[in-house]
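Chains, contacts and geometry: an overview
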Amino acid sequence: MDIQNQAQSPSELIDRYRRRVSYLRISVTDRCDLRCVYCMSENMKFLPRESLLTLEEIIQVGRSFVDLGVHKIRITGGEPLHRRDILKVFRELGELDGLRELALTTNGTQLPKFAHELREAGVSRINVSLDTLRPDRYTAITRNGRIERVFAGLDAAQDAGFSRIKLNAVILKNRNHDEIHELVAFAIERGIDISFIEEMPLGVVGDHDRAECYYSSDQIREDLGAHYTLVPTAENTGGPSRYFRVPGVETRIGFISPHSHNFCETCNRVRLTSEGRLLLCLGQEHSVDLRRVVRGNPGDDEALKRAIVASMDIKPRGHDFNLHEAPVIFRHMNHTGG
Ligand code: SAM
Ligand code: SF4
């Protein structure tokens, strides 16, 4: 055994601010069947396929992070279920000792096809993006989607026996802010969770003025207060959501509030883009090119782990999103892996 390399691979990832990184999000593709107005511009250019990490490379990076103490991985995108043969990634990551949670964020349209196999592969949590219950609005927000497919996807996930399903809803003023109560009622009826997300200024989307469409988590909570009693909980899923419960029902209501309640102090995560760039913060450009490390040192997990450990030195203290200024982060959410 190479003692020097072993010494250089700690069992935990700790950054300069003493935060422990235990959660990796992997964007497996930047492509998607939808074009949500807050995520993409209408005419997105996608990456050439050869610049994406291969499935084997994704698995190698995931494995190395788990060796370094990461215990939660979320697969995201783009639309992850559109990547060819993606089940292989779920199956192999699902086998890793040390990985406590394998999660997926999806728009739900491919769940009728994949839900059962995802469950068999060891996926324990699924987040499904749904911002409205109205077919015409859904088509407008996604620029081309059909809401029946998401409903069918939710049915499939529930049939497959997933116990932790959560809706993710980005709320935009004058687009869907009047549906907050209906979305919660829908989640309660289905026995699933829901998180409301403040829009983040990633990339130029062209569709709307982000400052004008800003709808704060506090406002959402106030709106919900007219219909429900919200009781704060200490629950934490390892993410930035703050959770509330409605007495007597299972549904948890979460708020992801990058603007109104900065969550950087307790940040425990890093993100891998589909090209293999390790992003140390969602709202900053500090990154390390892990594709170069992987391809420059074929099959050498130790070299990869050293690069990951070293990256902790450049994880920034936090984001500084400002909706009133032109975006400073030019990558879109589908590149970033939301
Ligand atoms: N395609 C999958 C989906 O939609 O769930 C996974 C990728 S998508 C980029 C992940 C999450 O990011 C979704 O819940 C989406 O609503 C959210 N998202 C996209 N753009 C965003 C933005 N500008 N601000 C906040 N959330 C955003
Ligand atoms: Fe696609 Fe998800 Fe972005 Fe919508 S939010 S365009 S579904 S990647």
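Up top you'll find the structure we're talking about.
Because the structure is predicted, anything quoted here is derived from the model rather than measured.

1. Regarding the overall build of the protein chain
Helix and strand counts for the protein chain come out as 11 helices and 14 strands. Out of the 338 residues in the protein chain, the part that is buried amounts to 57%. Within the protein chain, counting contacts between residues at least 6 apart in sequence, those at least 24 apart form 73% of the total. Roughly 14,700 Å² of accessible area belongs to the protein chain as shown, and the carbon and sulfur atoms make up 47% of that amount.

2. Quick word on the site of ligand 1
Close to ligand 1 lie 19 residues, the nearest being Tyr 38, Gly 78, Thr 106, Ser 129 and Met 200. Within the backbone of Thr 106, an N or O atom sits 3.1 Å from an oxygen atom of ligand 1. In this structure, an oxygen atom belonging to ligand 1 sits 3.2 Å away from a side-chain N or O atom of Asn 168. Here ligand 1 loses 96% of its free accessible area of 550 Å² to cover by the protein chains. Counting only elements with at least two residues in the shell around ligand 1, the list comes to β5 (101-106) and β7 (164-170). When the residues that make up the shell around ligand 1 are grouped by side-chain class, the tally is six nonpolar, nine polar and four charged.

3. Regarding the site of ligand 2
In the vicinity of ligand 2, the contacting residues are Cys 32, Leu 34, Arg 35, Cys 36, Cys 39, Met 40, Gly 78 and Asn 107. For the shell around ligand 2, a count of residues per class yields five nonpolar, two polar and one charged.

4. Description of the environment of Met 200
Checked against the element boundaries, Met 200 lands in the loop between β8 (193-197) and α8 (217-225). Along the backbone, Met 200 and Arg 210 are 10 residues apart, and their C-alpha atoms lie at a distance of 8.3 Å.

5. Re unusual backbone geometry
The phi dihedral of Arg 18 is positive, around 65 degrees, even though this residue is not glycine. Residue Arg 18 is classed as exposed on the basis of its relative accessible area, which comes to 67%. You will see that Asp 85, though not glycine, has its phi angle at about 60 degrees, which is positive. The residue Asp 85 is located in the loop between β4 (72-76) and α3 (87-94) in this model.

6. Thoughts on the pattern of salt bridges
Applying the stated criterion across every chain, the model contains 19 salt bridges. The shortest N-O distance in the salt bridge between Lys 305 and Asp 67 comes to 3.1 Å. Here Lys 305 is found in helix α10 (residues 301-311), whereas its partner Asp 67 is found in helix α2 (residues 55-67), with 238 residues between them in sequence. Here Glu 117 and Arg 91 are joined by a salt bridge, their closest N and O atoms 3.6 Å apart. Residue Glu 117 is found in helix α4 (residues 111-121), and its partner Arg 91 is found in helix α3; the two are separated by 26 residues along the sequence. Its relative accessible area of 41% is what places Arg 91 among the partly exposed residues. Beyond isolated ion pairs, a larger network of salt bridges with shared partners links Arg 134, Arg 137, Asp 178 and Glu 179.

7. Here we look at the nonpolar core
Formed by 92 residues in total, the largest nonpolar core has its most connected members in Phe 65, Ile 73, Phe 90, Leu 118, Phe 196, Leu 224 and Leu 290. When residues of this core are assigned to their parent elements, the largest contribution, six residues, is made by α2. Residues within four places of Phe 65 in sequence aside, it is in contact with Leu 13, Leu 24, Val 70, Val 270, Leu 278, Leu 290 and Ile 308.

8. Topic: the sheet that holds strand β13 (residues 277-279)
If you trace the 12 strands from one edge of the open sheet to the other, you get β9-β10-β11-β8-β7-β6-β5-β4-β3-β12-β13-β14, paired in mixed fashion. Of all strands in the sheet, those bounded by a partner on one side alone are β9 (231-232) and β14 (287-289). Sheet analysis places strand β10 (residues 242-245) next to strand β11 (residues 252-256), joined by four bridges and oriented antiparallel. Paired with Arg 245 across the strands is Arg 252, a residue of β11. Packed on one face of the sheet, α2 meets β3 (23-27), β4, β12 (269-272) and β13 and runs near 175 degrees to β3. Sheet strands touched by α8: β8, β10 and β11. Its angle to β11, the strand with the most contacts, is close to 155 degrees.

9. Some thoughts on the packing of aromatic side chains
A complete count under the given rule lists three aromatic pairs for this structure. Ring geometry for Phe 151 versus Phe 186: centroids 5.6 Å apart, planes at 45 degrees, classification tilted. In this pair, Phe 151 is assigned in helix α6 (residues 147-159) and Phe 186 in helix α7 (residues 180-190), connecting sequence segments 35 residues apart. With a centroid separation of 5.5 Å and 85 degrees between ring planes, the pair formed by Phe 244 and Phe 255 is classed as edge-to-face. Taken as a pair, Phe 244 in strand β10 and Phe 255 in strand β11 lie far apart in primary sequence, 11 residues in all. Taking relative accessible area as the criterion, Phe 255 reaches 0% and is therefore assigned buried. Cluster of aromatic residues (ring-pair linked, three or more members): Phe 196, Phe 244 and Phe 255.

10. Points about the pairing of strand β6 (residues 125-129)
Across the five residues of β6, four count as buried, placing the element largely inside the fold. The pairing of β5 with β6 spans four bridges and is classified as parallel. Bridging from a neighbouring strand, Leu 104 pairs with Ile 126 of β6. With α4 bridging β5 and the parallel β6, this β-α-β connection has right-handed handedness. Summarising the sheet, β6 and β7 pair through five bridges and their orientation is parallel. If you follow Ile 126 over to β7, its bridge partner there is Ile 165.

Conventions adopted
Residues numbered from 1 in each chain as written. Chains lettered and ligands numbered in written order. Predicted model: local features only at pLDDT ≥ 70, side-chain atom pairs only at ≥ 80, totals over all residues. Heavy atoms only, no water. Helix = DSSP H or I, 4+ residues; strand = E, 2+ residues; numbered from the N terminus. Buried < 20%, exposed > 50% of the residue type's maximum accessible area, 1.4 Å probe, protein only. Contact = heavy atoms within 4.5 Å. Areas by Shrake-Rupley, 256 points an atom, 1.4 Å probe, with all protein chains shown as cover. Near = heavy atom within 4 Å. Polar contact = N/O pair within 3.5 Å; in protein donor to acceptor, adjacent residues only side chain to side chain. Nonpolar A, V, L, I, M, F, W, Y, C, P; charged D, E, K, R; others polar. Salt bridge = Lys/Arg side-chain N within 4 Å of Asp/Glu carboxyl O. Core = buried A, V, L, I, M, F, W, Y, C linked by side-chain atoms within 4.5 Å. Pairing = 2+ DSSP bridges. Axes fitted to C-alpha atoms, helices over the stretch in contact; angles between N-to-C directions. Phe/Tyr/Trp six-rings, centres within 6.5 Å; stacked < 30°, edge-to-face > 60°. Right-handed = clockwise from strand over helix to strand, strands pointing away.

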